[in-house]
Amino acid sequence: MIEVSARLVAFTEDRLLLANHRGQTWYFLPGGNVEPGESVETALRRETNEETGLRVRDIEFLGCVEHLYDEGGTSFHEINLLFAAQVPWGTDIGSREDGIDIVSVAFHDLPTLDVRPAATTVVITDWVTSRRPSWKPAP
């Protein structure tokens with residue numbers, strides 16, 4: 001199974017948003033799969049709004065993370081396209097989906113968290129430092 005996902009790195013000053021499934025200790029970026037016939041940008045806006053209530057405006061390509069994993073006996077090959085957007089301080093943000101929490105974390109804490117896929121943290125950190133997109137292939 002090959003999936004293309006559009007993921008948002010939503011920044012507010014020195015913080016960013018992460019999502020997690022309730023009861024889990026690991027995190028992922030808000031966003032989700034691109035549907036057939038849908039553009040990546042449309043999917044990013046749709047998924048982000050569905051999960052967080054955010055209506056992102058200006059986005060910037062941040063990078064790509066390739067990820068291989070198994071779930072329930074099925075192998076997946078996921079291509080995560082990451083985009084950055086600034087979110088004004090004080091914006092009403094919260095989970096709009098049952099079972100998912102949206103949290104704000106300090107950027108400097110990102111390396112200490114279990115973010116999946118793991119290369120996501122490297123791509124975000126590299127982009128913040130250099131402002132150049134990068135790609136992390138599957139191991």
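Residues numbered from 1 in each chain as written. Predicted model: local features only at pLDDT ≥ 70, side-chain atom pairs only at ≥ 80, totals over all residues. Heavy atoms only, no water.

1. Focus on the pairing of strand E4 (residues 60-71)
Each regular strand carries side chains that alternate between the two faces of the sheet.
No. 1: Looking at chain direction, E4 and strand E5 (residues 74-86) are connected through 11 bridges and run antiparallel. Within E5, the position partnered with Leu-68 by the bridge is His-77.
No. 2: Following E4, the chain reverses through two residues before pairing antiparallel with E5; Gly-72 in that reversal takes a positive phi of roughly 60°.
No. 3: Across three bridges, E4 lies against strand E7 (residues 134-136) in parallel orientation. In the strand pairing of E7, Val-65 is matched with Lys-136. (Pairing = 2+ DSSP bridges. Helix = DSSP H or I, 4+ residues; strand = E, 2+ residues; numbered from the N terminus.)

2. Some details on the UniProt feature "domain: Nudix hydrolase" (unreviewed entry) in the protein chain
No. 1: If you check UniProt for "domain: Nudix hydrolase" (unreviewed entry), the listed places come out as residues 1-130 in our numbering.
No. 2: What you have in residues 1-130 is 19% helix and 41% strand, and the ends, taken at the C-alpha atoms, are 33 Å apart. (UniProt positions renumbered as here; feature names shortened; annotations may be inferred.)

3. Thoughts on the packing of aromatic side chains
No. 1: What the rule picks out here adds up to four aromatic pairs.
No. 2: Relative to Phe-28, the ring of Trp-26 lies with its centre 6.0 Å away and its plane at 50°, an arrangement referred to as tilted.
No. 3: Relative to Phe-76, the ring of Tyr-69 lies with its centre 5.0 Å away and its plane at 10°, an arrangement referred to as stacked.
No. 4: Using a relative accessible area of 23% as the deciding quantity, one classes Tyr-69 as partly exposed.
No. 5: Its guanidinium or amino end placed over the ring of Trp-127, Arg-131 lies 4.1 Å from that ring's centre, counting from NZ or CZ. (Phe/Tyr/Trp six-rings, centres within 6.5 Å; stacked < 30°, edge-to-face > 60°. Buried < 20%, exposed > 50% of the residue type's maximum accessible area, 1.4 Å probe, protein only. Lys NZ or Arg CZ within 6 Å of the ring centre and 35° of its normal.)

4. Some thoughts on the pattern of salt bridges
No. 1: By the definition in use, this model includes eight salt bridges.
No. 2: Across the pair Glu-38 and Arg-46 runs a salt bridge, and its minimum N-O distance is 2.7 Å.
No. 3: Note on Arg-46: relative accessible area 24%, which makes it partly exposed.
No. 4: Its salt-bridge partner being Glu-47, residue Arg-46 comes within 3.0 Å of it at the nearest N-O pair. (Salt bridge = Lys/Arg side-chain N within 4 Å of Asp/Glu carboxyl O.)

5. Quick word on the side chain of Thr-120
No. 1: You can see Thr-120 is positioned in helix H2 (residues 119-130).
No. 2: Accessibility expressed as a relative area gives 3% for Thr-120, which makes it buried.
No. 3: Looking at Thr-120, its side chain comes within polar contact range of the main-chain oxygen of Pro-117, at 2.8 Å.
No. 4: Sequence-distant contacts of Thr-120, that is, excluding residues within four places in its chain, are made with Leu-29, Val-65, Leu-82 and Val-115. (Polar contact = N/O pair within 3.5 Å; in protein donor to acceptor, adjacent residues only side chain to side chain. Contact = heavy atoms within 4.5 Å.)

6. Digging into the environment of Asn-80
No. 1: Residue position: Asn-80 is located in strand E5.
No. 2: Under the relative-accessibility criterion, Asn-80 is labelled buried at 2%.
No. 3: For the pair Asn-80 and Asp-109, spaced 29 residues apart in sequence, the C-alpha to C-alpha distance is 22 Å.

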